[in-house]
Number of protein chains: 4
Amino acid sequence: MGITLEQAEVASQAAKQKAQELGVKMNIAVVDTGANLTSFVRMDGAWLGSVDIAMRKARTARYFDMPTGELGKLSQPGGALFNIEHSNGGLITFPGGIPILNGDEVIGAIGVSGSTVENDHTVAQAGVDALKNQ
Amino acid sequence: MGITLEQAEVASQAAKQKAQELGVKMNIAVVDTGANLTSFVRMDGAWLGSVDIAMRKARTARYFDMPTGELGKLSQPGGALFNIEHSNGGLITFPGGIPILNGDEVIGAIGVSGSTVENDHTVAQAGVDALKNQ
Amino acid sequence: MGITLEQAEVASQAAKQKAQELGVKMNIAVVDTGANLTSFVRMDGAWLGSVDIAMRKARTARYFDMPTGELGKLSQPGGALFNIEHSNGGLITFPGGIPILNGDEVIGAIGVSGSTVENDHTVAQAGVDALKNQ
Amino acid sequence: MGITLEQAEVASQAAKQKAQELGVKMNIAVVDTGANLTSFVRMDGAWLGSVDIAMRKARTARYFDMPTGELGKLSQPGGALFNIEHSNGGLITFPGGIPILNGDEVIGAIGVSGSTVENDHTVAQAGVDALKNQ
């Protein structure tokens, strides 16, 4: 099913470190190729409502193999995918979810929630990059 | 788990009194640090649909440690958190939910629903203030 | 809609007092004629999982105008109402939920959860009795 | 909110190690005092259906402050709590969920799923014990 637990923990750990550098408290979820949860950590004091959002961002990024923020551009009123959030038991389409690739193949996705969407995206990207650099 | 039942009832009672002054009928929910329901009252004749909304407002305020109306400003079309309401089994992001603090620590939240959002917020604030003045 | 908030609070208060006599920590829910939540209290330290169960017991008692334990006798394997718990978004059919009557008319119900089913029922009955004696 | 992420990871790591000793593949979830998810890991190749079960076991153990298997003894046909599983959005009441205590205080719970219920319980207990021995 793509990503291993070891890889998920590398991504998760790198994301946590980036969050600490930024001085923010994050929820960090990683899903595999099948969009099933592989790992999750909530930093002490992170928003409780972001537990669910981090997982949804990770799933959403894998469901459509694109960063959640890209999907969000299309789901606005008048957009091609308006209210796509109603599908799949509830999607989250603002930034913070990013697919994880091995070469050209999607092997999973990471979802981060707990701060501004800019910080969420930055922290998720740090997780993705940690695997690229291996 | 933060707020005690006694504190919840002080907040709830103050909110009810404010509602009576305003001549409105409210549903008033209080949750603890873990976003679990601690107390609830529905004033006679208050909207039935507001039972659920009051509880969701209280949970939402605790989930993100901010007044629900602040979240609602960010969840509009084009906003950073568009359609965040699809998470956590359904959030309510218009005014009427406010975190309850003890010093700097969030110990719970109150959610009020049954009138205009302005009145809902005012009544919730009365509940919060009652605990500050103790 | 039957029971008033004032009546619900009399029942709830009497139930809480009985729980204190028994040395147990309870969740106590009261619903009206329409099975809509009227009041709820969680005693400090009461089981978190009993928040939901107390509400379901109260609703179940009003849905069928009988104590929840009576329904539970009929919902056992081989019984006439086997697995009725699957209806209405999830019923609870063990003791602790009791209808509240005014004369012959059902005006609501009380649901109690947090200890043995015997204690739950005893505490719920104390709530019902408090209204009879008014 | 009770357990810290660091403690959750100690418990989770010890549980994973026990699973490796037993030659089984587990999903391991830890929740805090408020029954909110704190950490989760799925070992490579572990059952996908156990992702959800591990989380429900952890929540159930915290909801009632007892091992899930104890609750399961009471929820059998004819038992005092028959069909309690219908509450709280779905409980899991077979072994594998255990509360985590700090002295006398419940600070969270661990839920494990992926093998026989005996193995699930053994692995969960290893997680609990790792925190006792610190």
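If you're wondering where the values come from, they're calculated on a predicted model, not measured in any experiment.

Student: What should I look at first to understand the overall build of chain A in this one?
Tutor: Within chain A, the regular secondary structure consists of 4 helices and 4 strands. Starting at the N terminus and ending at the C terminus, chain A contains elements arranged as α-β-β-α-α-β-β-α. Its C-alpha radius of gyration of 13 Å places chain A within 12% of the 14 Å reference for a compact globule of 134 residues. On the principal axes, the C-alpha backbone points of chain A span a range of 40 × 35 × 20 Å.

Student: I keep staring at the interface of chain D and chain C and nothing clicks. Help me out?
Tutor: Interface size is commonly expressed as the accessible surface area that is lost when the partners come together. Facing 18 residues of chain D, the contacting portion of chain C comprises 20 residues. Together, Phe64(D), Phe82(D) and His86(D) form the three largest contributors to the area buried by chain D at its contact with chain C, with a combined 38%. For the interface between chain D and chain C, the tally reads 0 salt bridges. Inspection of the chain D/chain C interface yields 9 residue pairs in polar contact (both at pLDDT 80 or more). Within the side of chain D that touches chain C, the residues separate by chemical class into 8 nonpolar, 8 polar and 2 charged.

Student: Looking at this structure, I do not really get the relation of the copies chain D and chain C. What am I missing?
Tutor: Superposition of the two copies of the chain requires a rotation about an axis together with a shift along that axis. Once chain D has been moved 0.3 Å along the axis and rotated by 91 degrees, it coincides with chain C to within an RMSD of 0.1 Å. What we have between these two chains is a four-fold relation. The rotation axis passes nearest to the C-alpha of Pro77(D) in chain D, at a distance of 4.5 Å.

Student: Would you mind showing me how to read the sheet that holds strand β3 (residues 97–102) of chain D here?
Tutor: The strands making up a sheet associate through hydrogen bonds between their backbones, and the pairing can be parallel or antiparallel. Strand order in the open sheet formed by 8 strands is β3(A)-β4(A)-β1(A)-β2(A)-β2(D)-β1(D)-β4(D)-β3(D), and the pairing between neighbours is antiparallel. The open sheet is flanked by β3 (97–102) of chain A together with β3 of chain D, the only strands paired with a single partner. Within this sheet the neighbouring strands show an average axis-to-axis angle of 20 degrees, counted without direction. Alignment of strand β1 (residues 27–32) of chain D against strand β4 (residues 105–113) of chain D, held across 6 bridges, turns out to be antiparallel. Following the sheet pairing, Val30(D) is matched in β4(D) by Ile110(D). Seen against the sheet, helix α1 (residues 5–22) of chain D touches β2 (37–42) of chain A together with β1, β2 (37–42) and β4 of chain D and runs at an angle of roughly 25 degrees to β2(D).

Student: So what exactly am I meant to see when it comes to helix α2 (residues 49–64) of chain B here?
Tutor: Working note: α-helix, 3.6 residues per turn, so residues spaced by three or four point in the same direction. Residues and elements named next belong to chain B. Relative to the 22 Å expected for 16 residues at 1.5 Å per residue, α2 spans 23 Å between its end C-alpha atoms, a close match to the ideal helical length. Taken across its 16 residues, α2 has 12 buried, putting it largely inside the fold. Ser50, Val51, Ala54, Met55, Arg56, Lys57, Ala58, Thr60, Ala61, Arg62, Tyr63 and Phe64 are the residues of α2 that are buried. Among the residues trailing α2, Asp65 stands out with phi positive, at a value near 50 degrees.

Student: Just checking my understanding: could you explain the sheet that holds strand β2 (residues 37–42) of chain B for this structure?
Tutor: Taken in spatial order, the 8 strands line up as β3(B)-β4(B)-β1(B)-β2(B)-β2(C)-β1(C)-β4(C)-β3(C) in an open sheet, and their pairing is antiparallel. Looking at strand neighbours, the two that pair on one side only are β3 (97–102) of chain B together with β3 (97–102) of chain C, the edges of this open sheet. Strand-to-strand twist across the sheet, computed as the mean angle between neighbouring axes with direction ignored, equals 20 degrees. Examined bridge by bridge, β2(B) and strand β2 (residues 37–42) of chain C share 3 bridges and lie antiparallel to one another. What sits directly across from Phe40(B), in β2(C), is Phe40(C). Across the sheet, helix α1 (residues 5–22) of chain B is in contact with β1 (27–32), β2 and β4 (105–113) of chain B together with β2 of chain C; its angle to β2(B) comes to roughly 25 degrees. Contacts from α2(B) reach β1, β2, β3 and β4 of chain B together with β2 of chain C, with the element oriented near 155 degrees to β4(B).

What counts as what
Residues numbered from 1 in each chain as written. Chains lettered and ligands numbered in written order. Predicted model: local features only at pLDDT ≥ 70, side-chain atom pairs only at ≥ 80, totals over all residues. Heavy atoms only, no water. Helix = DSSP H or I, 4+ residues; strand = E, 2+ residues; numbered from the N terminus. Rg over C-alpha atoms; globule rule 2.2 N^0.38 Å. Contact = heavy atoms within 4.5 Å. Buried area = accessible area lost by both parts, 1.4 Å probe. Salt bridge = Lys/Arg side-chain N within 4 Å of Asp/Glu carboxyl O. Polar contact = N/O pair within 3.5 Å; in protein donor to acceptor, adjacent residues only side chain to side chain. Nonpolar A, V, L, I, M, F, W, Y, C, P; charged D, E, K, R; others polar. Least-squares fit on C-alpha atoms with pLDDT ≥ 70 in both. Pairing = 2+ DSSP bridges. Axes fitted to C-alpha atoms, helices over the stretch in contact; angles between N-to-C directions. Expected span 1.5 Å × (residues − 1). Buried < 20%, exposed > 50% of the residue type's maximum accessible area, 1.4 Å probe, protein only.

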